[in-house]
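Tertiary structure, described
Chain residues, written in single-letter form:
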Amino acid sequence: MTLLEKFYPTLKPWLFRLDAERAHTLTVKMMVIAHRVGLLQSVVSAPQKPRNVMGLTFPNALGLAAGMDKSASAVDAWSALGFGFVEVGTLTPRPQPGNPKPRLFRLPENEALINRMGFNNPGIHAAVKKLKRRRTKAVVGVNIGKNFDTPNEKAVDDYLHCLKAAYSVADYIAVNISSPNTKGLRDLQAESAVRELIFALKKEQASLQKEHGKTVPLLVKIAPDLNDMQIEALARVFNEQNIDGVIATNTTIDREAVTGHRLANETGGLSGAPVRERSNLVLQAFRMLLKEQIPLIGVGGILNGADAAEKMKLGAALVQVYSGLVYRGPGLVREVLAATAQAG
Ligand SMILES: Cc1cc2nc3c(=O)[nH]c(=O)nc-3n(C[C@H](O)[C@H](O)[C@H](O)COP(=O)(O)O)c2cc1C
């Protein structure tokens, strides 16, 4: 057990007394320092079952979901904590500050978070610089998006810009068209828009592949708030365009699961336990509709090992966590590693 894991139950009440975003910034800083002085390493004792997915070897099935390390500032530390892969970002072509604070809220009664961060990030080029210096062997995904002031008609250019900038340092690229906090972003999930976007990105991927002599898989991250027709349309496009993988899901704008909570009406995406059921339904639907060779990464509402094992049973090849880490701390990593090593 790492020291951080041992002390998280003591640390948690202190962190929860701070504003959620401040606590997050502080925790990541503490982790980087803890890693530098060698306090994170002992998780290697947790079971490791490597997975071969999309031509990549993942040391284990657990990844850090996008948004936790938007600037790629702690990749080596996350890996030392036990994550087999780390998805950094979302990153946009130009740096941007995101929405005004407060923009992150805890709903402890529901083991949930609401966020409207709005892609606060240092820009793709700053993140690429950091990723060049990483030491870890963990798989690194780069999650890309568009700047808030780029109109949707020009969105393809933003994604192409990020793909080109990140290709040499990324193990995979995740195309985020599902954040609820960038106006109009989810409209890119409409059939014609997503077809145009993926066609352009796939074409660029093929030319970058020749230039760099390596294949970097292209995944799309989708929302949980999709009806059956939208799911079918997206699956059709993914099959047609041979997308390399799908990440299901982002946060939800639905508030039914937290009705009556004093923070329920805060604008933004809801994550954690309340999104689990909807995420799982979407995951299951895509597993049925997608060609067998297109893998799924399951994310949304993993709060313990059993939640992770369930996603794998529903067809996820890999899983990711965000909110669960806030509520359960690093102990969740060990638990998910044990549960997923047995699954699949
Ligand atoms: C504060 C916060 C920021 C997030 N930022 C991003 C982001 O920048 N890009 C992205 O694709 N997903 C982002 N997400 C969504 C998570 O990656 C994940 O899909 C979602 O939270 C569901 O997983 P969870 O229930 O384990 O938190 C964010 C989530 C939270 C809570």
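Structure: see above.
A short tour of the structure in this document, coming up. What you are looking at is a predicted structure, and each value in this text was computed from that prediction instead of being measured.

**Observations concerning the overall build of the protein**
What the protein contains, in helices and strands, is eleven helices and 13 strands. Radius of gyration (C-alpha) of the protein: 18 Å, near the 20 Å computed for a compact globule of 344 residues. Taken along its principal axes, the extent of the C-alpha atoms in the protein is 50 × 45 × 40 Å. Per-residue burial for the protein yields a buried fraction of 58% across its 344 residues. A separation of at least 24 residues holds for 73% of the contacts in the protein among residues at least 6 apart in sequence.

**Quick look at a positive patch on the surface**
Taken together, the side chains of Lys 129, Lys 130, Lys 132 and Arg 133 present a region of like positive charge at the surface. For Arg 133, the position within the fold is in the loop between helix H4 (124-132) and strand S7 (139-144). For Arg 133, a relative accessible area of 60% translates into the label exposed.

**With respect to the environment of Asp 187**
With respect to the helices and strands, Asp 187 occurs in the loop between strand S8 (172-176) and helix H6 (191-212). Of the residues examined, Asp 187 reaches a relative accessible area of 51% and is grouped as exposed. A sequence separation of ten residues divides Asp 187 from Ile 177, and the C-alpha atoms of the two residues are 7.9 Å apart. Beyond its immediate sequence surroundings of up to four residues, Asp 187 is in contact with Asn 152 and Ala 193.

**As for the environment of Ile 247**
Positionally, Ile 247 belongs in strand S10 (residues 245-248). Residues Ile 247 and Asn 176 lie 71 residues apart in sequence; the distance between their C-alpha atoms is 9.2 Å.

**Some remarks on a nonpolar patch on the surface**
Together, Leu 3, Phe 7, Ile 33, Val 37 and Leu 39 line one region of the surface with nonpolar side chains, adding up to about 460 Å² of accessible area. Note on placement: Phe 7 falls in helix H1 (residues 3-17). Under the relative-accessibility criterion, Phe 7 is labelled partly exposed at 46%.

**Brief notes about the site of the ligand**
Contacts to the ligand come from 24 residues, most closely from Ala 66, Thr 90, Lys 221, Gly 301 and Ser 323. Ala 66 places a main-chain nitrogen or oxygen 2.7 Å from an oxygen atom of the ligand. Within the contact set of the ligand, an oxygen atom lies 2.8 Å away from a side-chain nitrogen or oxygen of Lys 221. Broken down by secondary-structure element, the contributors of at least two residues to the shell around the ligand are strand S4 (85-91), strand S6 (112-115) and strand S11 (269-272). Across the shell around the ligand, the residue classes tally to eight nonpolar, 14 polar and two charged.

**Quick word on the nonpolar core**
By size, the foremost hydrophobic cluster in this structure holds 96 residues, and its most contacted members are Trp 78, Val 142, Tyr 159, Tyr 172, Ile 222, Phe 238 and Phe 286. If near-sequence neighbours (up to four positions away) are discounted, Phe 286 is found in contact with Ile 222, Leu 226, Ile 231, Leu 234, Ala 235, Phe 238 and Leu 296.

**A short note on the sheet that holds strand S3 (residues 62-64)**
One closed barrel accounts for eight strands, arranged S3-S4-S7-S8-S9-S10-S12-S13; its pairing is parallel. Across the sheet, the mean angle separating the axes of adjacent strands is 25 degrees when strand polarity is ignored. Both strand S12 (residues 296-299) and strand S13 (residues 318-321) contribute to a ladder of three bridges, which runs parallel. Note that in S13 the partner of Gly 298 across the bridge is Val 319.

**Quick look at unusual backbone geometry**
The omega torsion across Gly 89 and Thr 90 is 15 degrees, close enough to zero to call that bond cis. One can find Thr 90 in strand S4. For the peptide bond that leads from Ala 248 to Thr 249, omega is 10 degrees, which places it in the cis range. With respect to the secondary-structure elements, Thr 249 resides in the loop between S10 and S11.

**Quick word on the packing of helix H8 (residues 276-289) against helix H9 (residues 305-313)**
One can describe the packing of H8 onto H9 by two numbers: an axis separation of 10 Å at closest approach and a directional angle of 20 degrees. With respect to H9, the axis of H8 lies roughly parallel. Between H8 and H9 lies a crossing whose hand is right-handed. Only Asp 307, Glu 310 and Lys 311 of H9 make contact with H8, whose side of the interface consists of Arg 276, Ser 279, Asn 280 and Leu 283.

**Re the packing of H9 against helix H11 (residues 331-342)**
The geometry of H9 relative to H11 is characterised by a closest axis approach of 8 Å and an angle of 35 degrees between their N-to-C directions. In this structure, H9 meets H11 at a crossing whose hand is right-handed. Two secondary-structure elements touch here, H9 through Gly 305, Ala 308, Ala 309 and Met 312 and H11 through Glu 335, Val 336, Ala 339 and Thr 340. The residue makeup of the contact of H9 with H11, split by class, is five nonpolar, two polar and one charged.

**Things to note about the sheet that holds strand S5 (residues 104-107)**
The strands that make up a sheet are held in pairs by hydrogen bonds between backbone atoms, and each pair lies either parallel or antiparallel. The three strands lie next to each other as S5-S6-S11, forming an open sheet whose pairing is antiparallel. The sheet terminates laterally at S5 and S11, the two strands that pair on one side only. Each strand axis lies, on average, 25 degrees off the axis of its neighbour in the sheet, ignoring direction. Here S5 pairs with S6 via four bridges, running antiparallel. Bridge pairing links Leu 104 to Asn 115 in S6.

About the criteria used
Residues numbered from 1 in each chain as written. Predicted model: local features only at pLDDT ≥ 70, side-chain atom pairs only at ≥ 80, totals over all residues. Heavy atoms only, no water. Helix = DSSP H or I, 4+ residues; strand = E, 2+ residues; numbered from the N terminus. Rg over C-alpha atoms; globule rule 2.2 N^0.38 Å. Buried < 20%, exposed > 50% of the residue type's maximum accessible area, 1.4 Å probe, protein only. Contact = heavy atoms within 4.5 Å. Patch = residues over 30% accessible without salt bridge, like charges linked within 9 Å, V, L, I, M, F, W, Y side chains within 5 Å. Areas by Shrake-Rupley, 256 points an atom, 1.4 Å probe, with all protein chains shown as cover. Salt bridge = Lys/Arg side-chain N within 4 Å of Asp/Glu carboxyl O. Lys, Arg positive; Asp, Glu negative; His and termini not counted. Charge placed at Lys NZ, Arg CZ, Asp CG, Glu CD. Near = heavy atom within 4 Å. Polar contact = N/O pair within 3.5 Å; in protein donor to acceptor, adjacent residues only side chain to side chain. Nonpolar A, V, L, I, M, F, W, Y, C, P; charged D, E, K, R; others polar. Core = buried A, V, L, I, M, F, W, Y, C linked by side-chain atoms within 4.5 Å. Pairing = 2+ DSSP bridges. Axes fitted to C-alpha atoms, helices over the stretch in contact; angles between N-to-C directions. Parallel < 35°, antiparallel > 145°, perpendicular 65-115°, else oblique. Left-handed = near helix turned anticlockwise from the far one by under 90°.

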